[in-house]
Amino acid sequence: DELDYAGQIIKQMPGVKVELAGHTDPRDINTDEFPSNWELSDARAEAVRKYFIDHFGIEPGRITTKGYADTEPIVPNTSPENMFMNRRTEIRIQE
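This one's a predicted model, so the numbers in the text were calculated from it and none came from an experiment.

### Digging into the sheet that holds strand β3 (residues 88-93)
Strands in a sheet are paired, the pairing made by backbone hydrogen bonds, and the direction either parallel or antiparallel. In space, the three strands of this open sheet follow the order β2-β1-β3, with mixed pairing throughout. Two strands lie at the open edges of the sheet, namely β2 (63-67) and β3, each paired on one side alone. Across the sheet, the mean angle separating the axes of adjacent strands is 25° when strand polarity is ignored. Where strand β1 (residues 18-23) and β2 come together, five bridges link them in parallel fashion. Considered in β2, the bridge of G22 is made with G67. Seen against the sheet, helix α2 (residues 37-56) touches β1, β2 and β3 and runs at an angle of roughly 160° to β2.

### Structural notes on the packing of aromatic side chains
Summed over all chains, the structure comprises two aromatic pairs. Relative to F56, the ring of Y51 has its centre 6.2 Å away and its plane inclined at 65°; by these criteria the two rings are edge-to-face. Relative accessible area serves as the criterion here: at 23%, Y51 is assigned to the partly exposed category. Centroid distance F52 to F56: 6.4 Å. Interplanar angle 65°. Geometry classified as edge-to-face. In this pair, F52 and F56 are both assigned in helix α2, four residues apart and thus about one turn of the helix distant. Here the two residues F52 and F56 agree in accessibility, since each one is buried.

### Some words on the nonpolar core
By size, the foremost hydrophobic cluster in this structure holds 11 residues: A6, I10, V16, V18, L20, A45, V48, F52, F56, I58 and I63. Those elements that provide at least two residues to this core are α1 (2-11), β1 and α2. The dominant element in this core, judged by the number of residues it contributes, is α2, at four residues. Sequence-distant contacts of F56, that is, excluding residues within four places in its chain, are made with L3, D4, G7, Q8, K11 and Y51.

Calculation notes
Residues numbered from 1 in each chain as written. Predicted model: local features only at pLDDT ≥ 70, side-chain atom pairs only at ≥ 80, totals over all residues. Heavy atoms only, no water. Pairing = 2+ DSSP bridges. Helix = DSSP H or I, 4+ residues; strand = E, 2+ residues; numbered from the N terminus. Axes fitted to C-alpha atoms, helices over the stretch in contact; angles between N-to-C directions. Contact = heavy atoms within 4.5 Å. Phe/Tyr/Trp six-rings, centres within 6.5 Å; stacked < 30°, edge-to-face > 60°. Buried < 20%, exposed > 50% of the residue type's maximum accessible area, 1.4 Å probe, protein only. Core = buried A, V, L, I, M, F, W, Y, C linked by side-chain atoms within 4.5 Å.

On their own, these measurements won't tell you what the molecule is for.
So, in structure tokens, the structure goes:
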């Protein structure tokens, strides 16, 4: 629901460019698909970018992505609930 709401707003503002910022908690990951939290956070942002393009027809050039891994927590990683909150994608207005 939140992605649909955000996608509708972005679509209605054709002059606006956004950065999708992917984030993770600090637990290490090392899989074939995601060798580290950097790749995971970037993939998280890319998934939202693809959703906006596919579902709302937003021009790809309006959306950039960047993975921040665990470098920008919004709450301390002191509990499972807090770590859950730190796994996110933020929409940042650029213009």
